Amino acid sequence: MVYQSILSKVGNTPLVHMQDAGLEQVKLYAKMEGFNPTGSVKDRSAAYILEKLLRSGTINQDTILIESSSGNFGVALSSYCKSLGLNFWCVVDPNISPENEMIIRRLSDNLIKVTEPDHSGGYLLTRIAVIQRLLRDLPNCYWINQYGNPLNAEAYYNSLGTEICEQLEGIDYVFLGVSSGGTLAGTSRKVKERYPKAQIIAVDMQGSVIFGGIPRKRHIPGIGSSMVPDILKQALYDDVILVDEVATIEHCHRLLTKHYMYTGGSSGSVYAAVRHYFAGRVFPEPPNVVMIFPDRGERYASTIYNEAWCDSIYDQVNKLETV
Ligand SMILES: Cc1ncc(COP(=O)(O)O)c(C=O)c1O
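Structure report, in brief. (Residues numbered from 1 in each chain as written. Predicted model: local features only at pLDDT ≥ 70, side-chain atom pairs only at ≥ 80, totals over all residues. Heavy atoms only, no water.)

Time to look at the pattern of salt bridges. Taken as a whole and assessed by the stated rule, the structure comprises 13 salt bridges. With its nearest N and O atoms 3.3 Å apart, the salt bridge here joins R254 to D20. Of this pair, R254 sits in helix α7 (residues 245–259) while D20 sits in the loop between β1 (15–18) and β2 (27–32); the two residues are 234 residues apart in sequence, bridging distant segments of the chain. Judged by its relative accessible area of 5%, D20 is buried. When salt bridges with common partners are traced through the structure, they connect K31, E33, R44 and E163 into a single cluster. (Salt bridge = Lys/Arg side-chain N within 4 Å of Asp/Glu carboxyl O. Helix = DSSP H or I, 4+ residues; strand = E, 2+ residues; numbered from the N terminus. Buried < 20%, exposed > 50% of the residue type's maximum accessible area, 1.4 Å probe, protein only.)

Turning our eyes to something else, we now look at the site of the ligand. Residues in contact with the ligand amount to 14 residues; listed here are only the nearest, N72, S179, S180, T183 and S266. One nitrogen or oxygen atom from the side chain of K42 is found 2.9 Å from an oxygen atom belonging to the ligand. Taking G222, its main chain carries an N or O atom lying 3.5 Å from a nitrogen atom of the ligand. Contact with the protein chains covers 96% of the free accessible surface of the ligand, which is 380 Å². Split into classes, the residues belonging to the shell around the ligand amount to 3 nonpolar, 9 polar and 2 charged. (Near = heavy atom within 4 Å. Polar contact = N/O pair within 3.5 Å; in protein donor to acceptor, adjacent residues only side chain to side chain. Areas by Shrake-Rupley, 256 points an atom, 1.4 Å probe, with all protein chains shown as cover. Nonpolar A, V, L, I, M, F, W, Y, C, P; charged D, E, K, R; others polar.)

Next comes the structure, spelled out in structure tokens:
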């Protein structure tokens, strides 16, 4: 099979059966979304949303598409927009990694970096204020809005959800990390439709407010949010597990050394949640447990896989605990 563009190869990512010491009571599977063309689960929503918007005539070659993202969605959108000849402006903040900034700068039409933190100390509200100004000032402008656009959830309902249902005969549990809520909303609806008894477990980071947690500075991108996403209303989940950054780092390292999986932060969070959830539990028949691993480790080389950076996170945690 020869492809005309790497971007046409979205989805059909590998599902890997893992043998994990301490989790012999379940059948454990990892869905490796880092195998998507631009390196993450966000390829699915970027490709799907743009295709739908073009087909419906909502956008065209003259529209300026705007989105606020310092991470995988910005990378995916800038790639797909460029390949489709669409204008894309990306609003980012100083926490963007140098790797993502380089890619988005090269592939988008405009990268706007906010500098002023909002009253919570983060940048989300400042980024949204810039988006609102662009919507006012630019005549033909469309805000993709991953946190509120129903097409984001629809993308995962039609692709990731369908794929895991087809790859496995029976699903008992799905564990997924949450940020915009798109993966959770779409995948949960499809899996519950096919397997109504399946338990969907949402995994969030401590310091995120998505499930009512107390806001706190977070350092690992991709998982968690400082606002409650609108599309979460469409999600069907049975339980929420909050993971901390130390457990996330340790489980990323464990995935690498025990399973040769070089993954991003949220995969470590999901794996930590699974190990915690099933510890000491017994089942008459081992249930099928699916973990969604959203991206690969390369973009975290200077953070999660860098000893000095990890030490600085451990120091901050120790300080918090001794106060
Ligand atoms: C690494 C990573 N994990 C998890 C997620 C969560 O996905 P969603 O935004 O669909 O909730 C994202 C989203 O950007 C991500 O980049």
